[in-house]
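Remarks on the overall topology
Single-letter residue listing:
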Amino acid sequence: MSITGTAEPQASAQQRQAAAPDQPRYDPRTRALIEGPIVPTLLRLAAPNVLVMLAQASVGLVETYFVGKLGTDQLAGVVLVFPVVMLMQMMSAGAMGGGMSSAVARALGGGRRADANALALHAVTIGLVFGLIFTVAVLFGGDALYATMGGSGGSLAAANTYSTVIFFGAILVWLFNSLANVIRGTGNMAVPALVICLGVVVLIPLSPCLIFGWGPFPRLGVAGGAVAVLLYYAAGTTAFAFYLRSGRRSVVRLTLIGIRLRWPLFADILRVGAVAALITVGTNLTIAIATAAIAGYGVGTRLEYLLIPLVFGLGGPLVAMVGTNIGAQRPERALRIAWIGAGIAAGLCELIGLGAAIAPHAWLSLFDTAPQMLDADTRYLQVVGPAYGLFGLGMALYFASQGAGRLLWPLLANLTRLVIAAGGGYLALRMGGGLTGVFVALAVALCAFGLINAAAIAGGSWFDKPLRLAHEEPA
């Protein structure tokens, strides 16, 4: 069957078996993504990803804690830089990194092992270029940006110090995430998780040592936290490169010589990664607009941020499994994987959202007990929390669409979410709807994001026409 969806419904198991001699020979790990039971495989691959996200989140909290001990200006300076660092992290790991995982997965699924190997070098090249772009842009424009964001005096000086160090090594961040996503594209979530978690175990004590000059380490102040982070990325990049170069355990081998750079392979990554980068910018802009509109919202939305490790835990495997099956010309199985993953994500996110709506103070009191904050964020959670299920649905289908290499509708869904959140919130405030009206706009925006993605995929946006799911294969 072609991946365009124009052929007859999925062939029977007997027909596929008869055609087996003409089909590619797969590595057993690739074959598991194509033929293994969907739910156990998805959950097995998701567990390391969730662990990784939680580990990385803990690093940010620990570093913020120790920098705060240096003083208010130093903490404020790092907080100014944090959104820019997060944008780079999300673009390199989730957006462009998703394009890399998708391209590798589709190549392996199609039996194009040589292309998969070549894509590893193309991913490294893209990482080098984008890392350099971030370095130049922030080193030359960071001071003006942080001043525009409200930095001045000591906080602006601290922001520039931290930013100069961290973005001087932006290439390391991009190479780290590029190589990790090449490995994830093969369906291997364990190696990135192992490297990241071991790195975090070293990074957490190393950061305060370099900040305060404990033991034999120099006292670097706010720059020490950035130096520790770059050492973490350098060590992780080395580990990933060694794994891919060894060729013994990895499905894909990174070869630096004898590989000709080809535009079609760059395009295979960029047509997914570039669009996903726009979606990432739109997502951050939506949250920034809402946060600027109402100060109290910033506490309530932290729960939404905590949904990201959960959804990304499923998203990484969805990219690999959907992409591999699309490459293997198994579109019905790819769709089944997408809907099962989306259902799991939606159910878990909805449970969290409903729990927060029913007992909002259990979450909010962890941060503050000010009556004004509790009132605003209680209303936020009660209005927006029940929409978290559709947010999870939309995010999971976004990751699945990355695997399929079709991101037009997720982009349109995200733009719609931005317009509804910003425009609806503005109109609510202008027309006297107050904070509740703004929260309704945010909830409608989340619902629109999830429903548009679901309707597009159900309507056949991945293919030329809708496909009917066959029922011969158990989940």
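This part is about the pattern of salt bridges. Following the criterion strictly, the structure yields 7 salt bridges and no others. Salt-bridge contacts for D115 lead to R112; the nearest nitrogen and oxygen are separated by 2.8 Å. Taking the relative accessible area as the measure of exposure, D115 reaches 16% and is therefore buried. Exposure remark for R112: the relative accessible area of 34% places this residue in the partly exposed category. Put simply, R271 and D268 hold a salt bridge, and the shortest N to O gap is 3.3 Å. One end of the pair, R271, and the other, D268, are both in helix α10 (residues 263-293), 3 residues apart, so they sit about a helical turn from each other. Judged by its relative accessible area of 40%, R271 is partly exposed. On the accessibility criterion, D268 (13% relative accessible area) is buried. If you follow the salt bridges from partner to partner, you end up with R106, D268 and R271 in one network.

Okay, the confidence of the model for the chain next. Taken residue by residue, the chain gives an average pLDDT of 86. The fraction at 70 or more is 88%. Mean pLDDT per element in the chain: helix α1 (residues 13-18) is the minimum at 44, and helix α7 (residues 170-185) is the maximum at 96.

So, about the packing of aromatic side chains. Taken as a whole and judged by the stated rule, the model has 15 aromatic pairs. One aromatic cluster in this structure is built from Y65, F66, F212 and W214.

Let's shift gears to the environment of I171. Its place among the elements puts I171 in helix α7. You can call I171 partly exposed: its relative accessible area is 28%. As a C-alpha pair, I171 and V129 span 42 residues in sequence and 8.0 Å in three-dimensional space.

Despite not being glycine, Q329 shows a phi value in the positive range, around 60°. You can see Q329 is positioned in the loop between α12 (302-327) and α13 (331-358). Assessed through its relative accessible area of 42%, Q329 is described here as partly exposed.

In this model helix α6 (residues 153-168) runs 22 Å from its N-terminal to its C-terminal C-alpha over 16 residues, within 8% of the 22 Å that 1.5 Å per residue would give. Turning to α6, its buried residues number three or more, namely S155, L156, A158, A159, Y162, S163, I166 and F167. The buried residues of α6 occupy an angular sector of 160° when projected down its axis, which confines them to one face. Of the residues in α6, the exposed ones pointing more than 90 degrees away from the buried face are G153 and F168.

Right, let's get into the packing of helix α17 (residues 408-430) against helix α18 (residues 434-458). Axis separation between α17 and α18 bottoms out at 8 Å; the angle between their running directions is 165°. Of the possible angle classes, the one that applies to α17 and α18 is roughly antiparallel. In the packing of α17 onto α18, the handedness of the crossing is right-handed. The residue makeup of the contact of α17 with α18, split by class, is 17 nonpolar, 7 polar and 1 charged.

Reading guide: rules and limits
Residues numbered from 1 in each chain as written. Predicted model: local features only at pLDDT ≥ 70, side-chain atom pairs only at ≥ 80, totals over all residues. Heavy atoms only, no water. Salt bridge = Lys/Arg side-chain N within 4 Å of Asp/Glu carboxyl O. Buried < 20%, exposed > 50% of the residue type's maximum accessible area, 1.4 Å probe, protein only. Helix = DSSP H or I, 4+ residues; strand = E, 2+ residues; numbered from the N terminus. pLDDT = per-residue confidence, 0-100. Phe/Tyr/Trp six-rings, centres within 6.5 Å; stacked < 30°, edge-to-face > 60°. Expected span 1.5 Å × (residues − 1). Arc of directions from axis to C-beta. Axes fitted to C-alpha atoms, helices over the stretch in contact; angles between N-to-C directions. Parallel < 35°, antiparallel > 145°, perpendicular 65-115°, else oblique. Left-handed = near helix turned anticlockwise from the far one by under 90°. Nonpolar A, V, L, I, M, F, W, Y, C, P; charged D, E, K, R; others polar.

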